[in-house]
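In case you want the letters, here they are:
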Amino acid sequence: MGMGKKKKKVGLTFGGGVARGFAHIGAYEVLLNYSVPIDCITGCSIGAIVGAGIAQGKSPEELLEIVKEFADHKPIGIKDLGFGNGSIFSGKSILTAERKSRELAPEMDSVNGRRPL
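Everything numeric in this text was worked out from a predicted model, so none of it was measured.

Conventions used here
- Residue numbers restart at each chain and count upward from 1, following the sequence in its written direction.
- Local features in a predicted model are, by the rule used here, given only for residues with pLDDT of at least 70; side-chain atom pairs are given and counted only at 80 or more, and totals for whole chains, interfaces and linings are based on all residues.
- The side-chain quantities take in all heavy atoms of the structure and omit both hydrogens and water.
- The numbering of helices and of strands both runs from the N terminus, where a helix is a DSSP run of H or I of at least 4 residues and a strand a run of E of at least 2.
- Relative accessible area decides the class of each residue, using a 1.4 Å probe on protein chains only: under 20% of the type maximum gives buried, over 50% gives exposed, and in between gives partly exposed.
- In this description, contact between two residues means that some pair of their heavy atoms is separated by no more than 4.5 Å.
- Computed by Shrake-Rupley with a 1.4 Å probe, the accessible areas treat only the displayed protein chains as cover when residues are assessed.
- The convention used is that axes are lines fitted to C-alpha atoms, helices contributing only their stretch in contact, and that angles between N-to-C directions extend from 0 to 180 degrees.
- Should an angle fall under 35 degrees it is called roughly parallel, over 145 degrees roughly antiparallel, and 65 to 115 degrees roughly perpendicular, with every other angle called oblique.
- Each residue gets one of three labels, nonpolar for Ala, Val, Leu, Ile, Met, Phe, Trp, Tyr, Cys and Pro, charged for Asp, Glu, Lys and Arg, and polar for the others, Gly among them.

Of the regular secondary structure elements, the protein chain holds four helices and two strands. Along the chain direction, N to C, the helices and strands of the protein chain fall in the order β-α-β-α-α-α. Taking all 117 residues of the protein chain together, 26% fall into the buried category. Partitioning the contacts of the protein chain with sequence separation of at least 6, the portion at a separation of at least 24 is 69%. Accessible surface for the protein chain amounts to roughly 8,500 Å². Of this, 58% is attributable to carbon and sulfur atoms.

This is the structure in structure tokens:
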């Protein structure tokens, strides 16, 4: 058997921070302009939001609006000490962050609304 060439895959990994979120959208737009197929997307924080939007087929313009919404809101910390229930953290801040994410981008439900690439 001869060794055939494998098709190269393109994966995107996006990091956190709203400023990076804007940069991620710019990079995505360049890839779109050159018709580069995207096989895999990963990300954390705003990078996960941008990646989810790309996976759902959002345009760069739509993604910009979503990232702008996040930029306009105060950062949500997860430091919510609560020793009353046998736990160091109460989890209220995490629930608040999730609720805020769903308000800003309800169609990007990471569990039920994902779309395979």
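Tracing the backbone through its elements, the reader meets histidine 24 in helix H1 (residues 18-33). What histidine 24 contacts, discounting residues up to four positions off in sequence, is Phe14, Gly15, Gly47 and Val50.

Below, the discussion takes up the environment of alanine 52. Position of alanine 52 relative to the elements: it lies in helix H2 (residues 46-55). With relative accessibility at 27%, the residue alanine 52 sits in the partly exposed group. Sequence spacing of alanine 52 and leucine 63 is eleven residues, and the spatial spacing of their C-alpha atoms is 9.8 Å.

We now examine the packing of H1 against helix H3 (residues 60-72). Axis separation between H1 and H3 bottoms out at 10 Å; the angle between their running directions is 175°. By the angle class used here, H1 and H3 are roughly antiparallel. Residues Val18, Gly21, Phe22, Ile25, Tyr28, Glu29 and Leu32 of H1 form the contact with H3, whose own contacting residues are Pro60, Glu61, Leu63, Leu64, Val67, Lys68 and Ala71. The residue makeup of the contact of H1 with H3, split by class, is ten nonpolar, one polar and three charged.

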